[in-house]
Amino acid sequence: MLITLFVASFLAATILPGGSEALLLVNLNQRPDLVIWLVVMASVGNTLGSVTSYGLGAIGAKKLSEKQLNSKAALWVKRHGVYSLLLSWLPLIGDVICIAAGLFKLPLWRSILFIAIGKTTRYCIVATLYFAA
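Conventions we followed
- Residues numbered from 1 in each chain as written.
- Predicted model: local features only at pLDDT ≥ 70, side-chain atom pairs only at ≥ 80, totals over all residues.
- Heavy atoms only, no water.
- Axes fitted to C-alpha atoms, helices over the stretch in contact; angles between N-to-C directions.
- Helix = DSSP H or I, 4+ residues; strand = E, 2+ residues; numbered from the N terminus.
- Parallel < 35°, antiparallel > 145°, perpendicular 65-115°, else oblique.
- Left-handed = near helix turned anticlockwise from the far one by under 90°.
- Contact = heavy atoms within 4.5 Å.
- Buried < 20%, exposed > 50% of the residue type's maximum accessible area, 1.4 Å probe, protein only.
- Core = buried A, V, L, I, M, F, W, Y, C linked by side-chain atoms within 4.5 Å.
- Patch = residues over 30% accessible without salt bridge, like charges linked within 9 Å, V, L, I, M, F, W, Y side chains within 5 Å.
- Areas by Shrake-Rupley, 256 points an atom, 1.4 Å probe, with all protein chains shown as cover.
- Salt bridge = Lys/Arg side-chain N within 4 Å of Asp/Glu carboxyl O.
- Phe/Tyr/Trp six-rings, centres within 6.5 Å; stacked < 30°, edge-to-face > 60°.
- Lys NZ or Arg CZ within 6 Å of the ring centre and 35° of its normal.

### What about the packing of helix α1 (residues 2-12) against helix α2 (residues 20-30)?
Thinking step 1. Put simply, α1 and α2 touch, their axes get as near as 9 Å, and they point 165° apart. Classified by the angle between their axes, α1 and α2 sit roughly antiparallel to one another. Of the two elements, α1 crosses α2, and the hand of that crossing is left-handed. Contacts between α1 and α2 pair Thr4, Leu5, Ala8, Ser9 and Ala12 from the former with Ser20, Leu23, Leu24 and Asn27 from the latter.

So, in structure tokens, the structure goes:
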């Protein structure tokens, strides 16, 4: 259960589509006593998936066109730096934010920290809403 959630969360944070929140809810329904472990596994998996996207941005920077480097998302990340990674949990645009962070070589450890904060906050909110319902 925990490994499956970790893998699904990892894959959902890459350019592959996925709904790790739905799997978190299914697991919470089956084992509400594991809420902390479920949130931790989803958060760590999703954070590492985003770090993978960061890495893709870092190694792919030389292959990007001038148009891609000046896209709205890329310029937004360039302007706001690591703080933009607090929004890395957003569907679709979160992947772009992480790739752009790697592209602009934002500090890796600070990037991981802000990605983790955003991802963990999202899963905590999902779990809280589950128990509040």
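Once you've had a look at it, read on.
### Details of the environment of Asn29
Thinking step 1. Among the structural elements, Asn29 can be located in helix α2.
Thinking step 2. For Asn29, a relative accessible area of 55% puts it in the exposed group.
Thinking step 3. Sequence spacing of Asn29 and Ala8 is 21 residues, and the spatial spacing of their C-alpha atoms is 17 Å.

### Here we look at the nonpolar core
Thinking step 1. Tyr54, Val77, Val82, Leu85, Ile97, Cys98, Ala100, Ala101, Leu106, Phe114 and Ile115 together form the largest nonpolar core, which totals eleven residues.
Thinking step 2. Of all elements in the fold, only α6 (93-103) and α7 (108-132) reach the threshold of two or more residues within this core.
Thinking step 3. In terms of residue count, the dominant contributor to this core is α6 (four residues).
Thinking step 4. Not counting chain neighbours up to four residues away, the residues in contact with Cys98 comprise Ser50, Ser53, Tyr54, Leu85, Ser88 and Ile115.
Thinking step 5. In this structure, Ala42, Tyr123, Val126 and Ala127 belong to the second largest nonpolar core, which totals ten residues.

### Section: a nonpolar patch on the surface
Thinking step 1. There is a patch of nonpolar side chains on the surface, built from Tyr83, Leu86, Leu87, Trp89, Leu113 and Ile117 and spanning about 520 Å² of accessible area.
Thinking step 2. Mapped onto the fold, Leu113 is located in helix α7.
Thinking step 3. Take Leu113: its relative accessible area is 47%, and that puts it in the partly exposed class.

### So, unusual backbone geometry
Negative phi characterises most residues that are not glycine, and trans characterises most peptide bonds.
Thinking step 1. Even without a glycine there, the phi angle at Lys105 is positive, about 55°.
Thinking step 2. Relative to the elements of secondary structure, Lys105 occurs in the loop between α6 and α7.

### A closer look at the pattern of salt bridges
Thinking step 1. Counted by the stated rule, this structure contains two salt bridges.
Thinking step 2. The shortest N-O distance in the salt bridge between Glu21 and Arg122 comes to 3.0 Å. Pair noted here: Glu21 is in helix α2 and Arg122 is in helix α7, with a separation of 101 residues, a long-range link.
Thinking step 3. By relative accessible area, Glu21 is classed as partly exposed at 25%.

### Some thoughts on the packing of aromatic side chains
Thinking step 1. As enumerated under the stated definition, the model contains two aromatic pairs in all.
Thinking step 2. A centroid spacing of 5.1 Å and a plane angle of 75° characterise the contact between Tyr83 and Phe114, whose relative ring orientation is edge-to-face. Here the residue Tyr83 occupies a position in the loop between α5 (72-80) and α6, and Phe114 occupies one in helix α7, the gap between them amounting to 31 residues.
Thinking step 3. Taking the centre distance of 5.0 Å and the plane angle of 80° together, the rings of Tyr130 and Phe131 count as edge-to-face.
Thinking step 4. The class for Tyr130 is partly exposed, based on a relative accessible area of 25%.
Thinking step 5. Judged by relative accessible area, Phe131 falls into the partly exposed class, the value being 42%.
Thinking step 6. Seen from the ring of Tyr123, Arg122 lies directly overhead, with NZ or CZ sitting 4.3 Å from the centre.

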